[in-house]
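Structural description and commentary
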Amino acid sequence: MNDNESYCNYVATLKTDNLHKIYHDRKYGFAVNNDNELFGRLLLEINQAGLSWITILKKEYNLKKAYANFDVGVVSKFNDEDILRLLNDKGIIRNKLKIKAIINNAQVIVEMQKKYGSFKNWLDSNHPMKKNDWINLFKSTFKFTGGQITNEFLMSTGYLKGAHEKSCPIYKKLNNY
């Protein structure tokens, strides 16, 4: 994909079994109601930093397996032994800063669940918000969540607009046109 091409236009040229197309057509921009799925999406975005999205899509299964099916409660209890296991897992992104941030963020989400009932409720309690306000909130709440990671997480889960162009069939599906 070149820099001038939109994700929607790029994906329109791909075969139906392409990982980008599957993600675009079934997940990107769709609301997520389950805390573990939300956590998993955040985990994927954190892992993507500095890498291509296709790398993450190819490793998604291994990441899900390595991080307890994205079970936020289990990951929040990961310890030094788990960190070492993850650092030695060739099927995932083995970056110690990202691994520690993911565990920390799971712990933060568990606290949100206690206070708000769920991570989703916390997100909903802050919605709608402008992108820069979301970025500031995420930077002050989580680790390893800069502007791009926060933006992509929120667009991919439907909290920020812009995941799809108006001419995209998925845009029409998401907006009930």
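Computed from a prediction, not measured in an experiment: that's the story for all the values here. Every residue gets a number counted from 1 within its own chain, in the order that chain's sequence is written. Local features are withheld for residues below a pLDDT of 70 in this predicted model, meaning they are given only at 70 or higher, and side-chain atom pairs are given and counted only at 80 or more; totals for whole chains, interfaces and linings count all residues. The basis for the side-chain values is all heavy atoms of the structure; hydrogens and waters are excluded.

**Thoughts on the packing of aromatic side chains**
- Only rings of Phe, Tyr and Trp enter the pairing, Trp through its six-membered ring, and a pair is recorded when the two centres are within 6.5 Å. The plane angle decides the type: under 30 degrees is stacked, over 60 is edge-to-face, the rest tilted. In this structure the tally under the stated criterion is 13 aromatic pairs.
- With a centroid separation of 5.8 Å and an interplanar angle of 90°, the aromatic rings of Trp122 and Phe142 are classed as edge-to-face. Here Phe142 lies in the loop between helix H9 (131-141) and helix H10 (147-156) and Trp122 lies in helix H8 (residues 119-126), a separation of 20 residues in the sequence.
- Residue classification places Phe142 among the buried positions, given a relative accessible area of 5%. Numbering of helices and strands runs from the N terminus; a helix is a DSSP stretch of H or I covering at least four residues, while a strand is a stretch of E covering at least two. Between buried and exposed lies partly exposed: a residue is buried under 20% and exposed over 50% of the maximum accessible area for its type, with that area taken using a 1.4 Å probe on protein chains only.

**A look at the side chain of Asn105**
- Residue placement: Asn105 occurs in helix H7 (residues 96-116).
- At 3.3 Å, the side chain of Asn105 and the side chain of Asn104 are in polar contact.
- Throughout, a residue-residue contact means that at least one pair of heavy atoms, one from each residue, lies within 4.5 Å. Asn105 has contacts with Leu42, Ile46, Phe142, Lys143 and Thr145, leaving out every residue within four places of it along the chain. Two N or O atoms count as a polar contact when they lie within 3.5 Å, although within protein this holds only if one can serve as hydrogen donor and the other as acceptor, and sequence-adjacent residues are included solely when both atoms are side-chain atoms.

**Describing the pattern of salt bridges**
- Here, a salt bridge means any side-chain nitrogen of Lys or Arg that lies within 4 Å of a carboxyl oxygen of Asp or Glu. Applying the stated criterion across every chain yields a total of 5 salt bridges.
- For Asp25, the salt bridge identified is with Lys21, shortest N-O distance 3.0 Å. On the criterion of helical spacing, the pair formed by Asp25 and Lys21 is a turn pair, its members being 4 residues apart in helix H2 (residues 19-26).
- For Asp25, a relative accessible area of 22% translates into the label partly exposed.
- Take Lys21: its relative accessible area is 15%, and that puts it in the buried class.

**With respect to the packing of H7 against H8**
- The geometry of H7 relative to H8 is characterised by a closest axis approach of 7 Å and an angle of 75° between their N-to-C directions. Comparing the axis directions of H7 and H8 gives the class roughly perpendicular. In contact with Ile109, Met112, Gln113 and Tyr116 of H7, H8 contributes Phe119, Asn121, Trp122 and Ser125.
- Tallied by class, residues from the contact of H7 with H8 come to 5 nonpolar, 3 polar and no charged. Every axis in this analysis is a line fitted to C-alpha atoms, fitted for helices over the stretch in contact. Angles between the N-to-C directions lie between 0 and 180 degrees. In these notes the angle categories are as follows: under 35 degrees is roughly parallel, over 145 is roughly antiparallel, 65 to 115 is roughly perpendicular, and the rest is oblique. Any residue outside Ala, Val, Leu, Ile, Met, Phe, Trp, Tyr, Cys, Pro, Asp, Glu, Lys and Arg is labelled polar, Gly included; the first ten of those are nonpolar and the last four are charged.

Just geometry here; none of it tells us what the structure is for.
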